[in-house]
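Below, each chain spelled out in residue letters.
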Amino acid sequence: MKKIAVAGTGYVGLVTGVALSDIGHEVTCIDIDEAKVKRMQAGESPIYEPGLDELMTKNIEAGRLHFTTNHREGFANKDAAYIAVGTPEKEDGTADLRFIEAVAKDIAQNLTGDITVVTKSTVPVGTNDYINETIQENLAGNHNIEVVSNPEFLREGSAVFDAFNGDRIVIGADSEKAASLIEEINKPFGIAIYKTDIRSAEMIKYASNAFLATKISFINEISNLCDRLGANVEDVAIGMGMDGRIGAQFLKAGIGYGGSCFPKDTSALVKIAETAGMEFELIQSVMNVNKKQQLLLVEKAKEVLGNLNGKKIALLGLAFKPNTDDMRESPAIAISGSLLAEGAEVVAYDPIATPNAKFFMPGGVEYVNSAEEAINGADTAFIVTDWEEFKNLELSVFAEKLQEPVVFDGRNCYDLKQVKDANIDYYSIGRPAVTREEAKELSKTN
Ligand code: UGA
């Protein structure tokens, strides 16, 4: 059992802290927000993450998981201090390291003995060296400090599952002693550990996210070509993914990636390359493709319906992906902005993201409490997030409640065969359109 401090209780910090306590360590999570700390002390997670509340309660009750706003108490007598604060994107696309710097100073001023500092936050290559320097410069007392890069690969919405079932744990350290300590801490997870130097570990994180974003933009471009040529992108993705060298995951075409990671990390990587004197053309294109893809449904709707001025559009789903209430960089934001600019009315519904959405979405969007309420009386419906709730909708609801039964599905939620019997016009991503006209013709010939 090791004594661990975790600074920052966002997705990464909180899940890391809770998971480390669950494998037996004594963990203290530190946050500056008093109200948030009170909620967490009561076993309530401030973020929506399946399974997290239960795990928090279990480990608080076992006496292994603590929350505090007191930095002295938080960093004193610890074997390791994890940095898990945000690195948001600055206006110029670079990562904002303000919070990292503040924590580094905090650790330096509050530790009471030797400590290994573990960076979980996604930070540009070279930042761990900077963290080390910042701590050394602000150190109160004569302590030995080691800094380790230990990037996080968990996904929102399945973060708890990922923490216990990840593909690898990367440990970047310049000393064997520090690497061994973090290896020992992580051993009970039973996940493969890969040890490397600090800069390579920092790069592994950016390269992994940028590669996954590349897969998504690639399949989205293929889907747009499938649209033009009458192929089906889902079959194409399956056929490609069966090649072990390609892999089946992250080949789901849609309306682009969003969230707090891919958009931020791709633009940071372009900036990192720029600073290193290199133009990272591929990732720049991945970003451009994604921007265009987010507005694909609007383009399709204009093509099919003509002018959208005065049309009422039901937006099903607001979160950037299902099982999260996170709205950061969600395609829903760009889509609503564009629809409102076209003079359309937007009626939106999301199973859980609506309270958050109100801060992110443009003004003028109406929010309702069910999918059916959004669809009822609207001219057309856009499916933006692939929530199970939408996948399980009776398709007859579209035919019955829409003024004109035309559906634009940005996440390919329905089987084309199922749609053919639904008496709707259905436009999805990279798959042939299904229209009532065509279904009628087909039934005549059958
Ligand atoms: C992503 C990575 O998957 C994690 O490994 C990483 O740790 C995390 O970023 C991070 O850096 O913190 P996350 O942003 O939670 O995780 O979400 P993903 O499940 O990766 O999805 C990202 C976006 O890509 C979503 O908008 C999703 O709809 C989209 N996506 C994903 C597709 O359009 N197609 C796919 O095949 C997969």
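This structure is a prediction, so every number in the text was calculated from the model and none was measured.

Reading the values: the criteria
- Residues numbered from 1 in each chain as written.
- Predicted model: local features only at pLDDT ≥ 70, side-chain atom pairs only at ≥ 80, totals over all residues.
- Heavy atoms only, no water.
- Buried < 20%, exposed > 50% of the residue type's maximum accessible area, 1.4 Å probe, protein only.
- Helix = DSSP H or I, 4+ residues; strand = E, 2+ residues; numbered from the N terminus.
- Pairing = 2+ DSSP bridges.
- Domains from an automatic or database assignment.
- Contact = heavy atoms within 4.5 Å.
- Buried area = accessible area lost by both parts, 1.4 Å probe.
- Salt bridge = Lys/Arg side-chain N within 4 Å of Asp/Glu carboxyl O.
- Nonpolar A, V, L, I, M, F, W, Y, C, P; charged D, E, K, R; others polar.
- Near = heavy atom within 4 Å.
- Polar contact = N/O pair within 3.5 Å; in protein donor to acceptor, adjacent residues only side chain to side chain.
- Areas by Shrake-Rupley, 256 points an atom, 1.4 Å probe, with all protein chains shown as cover.
- Axes fitted to C-alpha atoms, helices over the stretch in contact; angles between N-to-C directions.
- Parallel < 35°, antiparallel > 145°, perpendicular 65-115°, else oblique.
- Left-handed = near helix turned anticlockwise from the far one by under 90°.
- Disulfide = S-S within 2.5 Å.
- Arc of directions from axis to C-beta.
- Patch = residues over 30% accessible without salt bridge, like charges linked within 9 Å, V, L, I, M, F, W, Y side chains within 5 Å.
- Lys, Arg positive; Asp, Glu negative; His and termini not counted.
- Charge placed at Lys NZ, Arg CZ, Asp CG, Glu CD.

A. Up close: the pairing of strand β9 (residues 312–316). Within β9, 4 of the 5 residues are buried, leaving the element largely enclosed by the surrounding structure. Relative to strand β10 (residues 345–349), β9 is paired through 5 bridges, and the arrangement is parallel. Residue pairing for β10: L316 is matched across the bridge by Y349. Looking at chain direction, β9 and strand β12 (residues 380–383) are connected through 4 bridges and run parallel. When the sheet's bridge partners are listed, L316 is paired in β12 with I383.

B. A look at the domain arrangement of the protein chain. Structurally, the protein chain comprises domain 1 (3–196), domain 2 (205–292) and domain 3 (294–445). Listed by partner, the interface residues are 21 residues for domain 2 and 23 residues for domain 3. Buried surface at the junction of domain 2 and domain 3, both sides included, amounts to about 1,600 Å², of which 50% is carbon and sulfur. Where domain 2 meets domain 3, there are 2 salt bridges. Elements represented by at least two residues in the side of domain 2 that touches domain 3 include exactly α9 (198–229), α10 (233–241) and α12 (281–294). Top contributing element to the side of domain 2 that touches domain 3 by residue count: α9, with 4 residues. Counted by class, the side of domain 2 that touches domain 3 contains 7 nonpolar, 9 polar and 5 charged residues.

C. Local environment of the site of the ligand. The environment of the ligand is formed by 19 residues, the closest being L154, E156, K205, N209 and C261. Here an oxygen atom of the ligand and a backbone polar atom of E152 are 3.4 Å apart. Here E156 contributes a backbone N or O atom positioned 2.7 Å from an oxygen atom of the ligand. Surface burial for the ligand is 89%, taken as the share of its 720 Å² of free accessible area covered by protein chains. Contributions of two or more residues to the shell around the ligand are made by α9 and α11 (262–275). Residue contributions to the shell around the ligand peak at 3 residues, all from α9. The class makeup of the residues in the shell around the ligand is 9 nonpolar, 2 polar and 8 charged.

D. Inspection of the packing of helix α1 (residues 11–22) against helix α3 (residues 52–61) at higher detail. In contact at an axis separation of 10 Å, α1 and α3 are set at 45° when each is read in the N-to-C sense. In this view, α1 runs oblique relative to α3, as classed from their interaxial angle. Relative to α3, α1 is oriented so that their crossing is left-handed. For the pair α1 and α3, the contacting residues are L14, V15, V18, S21 and D22 in the first and L52, L55, M56, K58 and N59 in the second. Residues that form the contact of α1 with α3 fall into these classes: 6 nonpolar, 2 polar and 2 charged.

E. Representation of the sheet that holds strand β13 (residues 406–409). On the basis of which strands lie adjacent, the open sheet formed by 6 strands has the order β11-β10-β9-β12-β13-β14 and parallel pairing. In the strand order of this sheet, the two ends are held by β11 (366–367) and β14 (425–427), each with one partner. Sitting on the sheet, helix α13 (residues 296–305) touches β12, β13 and β14, and the angle it makes with β13 is about 155°. Across the sheet, helix α14 (residues 331–341) lies against β9, β10 and β12, angled at about 180° from β9, the strand it touches most.

F. Quick peek at the environment of V118. Structurally, V118 can be placed in strand β5 (residues 115–119). Of the residues examined, V118 reaches a relative accessible area of 0% and is grouped as buried. Taking the C-alpha atoms as reference points, V118 and I83, 35 residues apart in sequence, are found 6.0 Å from one another. Excluding residues that lie within four positions of it along the chain, V118 makes contacts with A80, A81, Y82, I83, V148, N150 and I182.

G. Region of interest: the state of the cysteines. Counted according to the given criterion, the structure contains 0 disulfides. The structure places no disulfide on C29, whose sulfur is separated from the nearest cysteine sulfur, that of C261, by 19 Å. Residue C29 is classed as buried on the basis of its relative accessible area of 1%. Considering cysteine sulfurs only, C413 is the nearest to C226, which forms no disulfide, with 18 Å between them.

H. Representation of α14. Looking at α14, one finds that the buried residues are P331, A332, I335, S336, S338 and L339. The buried residues of α14 all sit within an arc of 165° when viewed along its axis, so they share a single face. Buried residues belonging to α14 abut α12, α13, β9, β10 and β12. Two residues or fewer past α14, G343 is found with a positive phi of approximately 90°.

I. Highlighting the environment of P355. Mapped onto the elements, P355 comes out in helix α15 (residues 354–360). Separated by 12 residues in sequence, P355 and Y367 have C-alpha atoms that sit 9.6 Å apart.

J. Up close: a negative patch on the surface. Taken together, the side chains of E89, E91, D92 and E329 make up a negatively charged region of the molecular surface. Among the structural elements, E91 can be located in the loop between β4 (80–83) and α5 (98–110). Looking at E91, the relative accessible area reads 87%, which means it is exposed.

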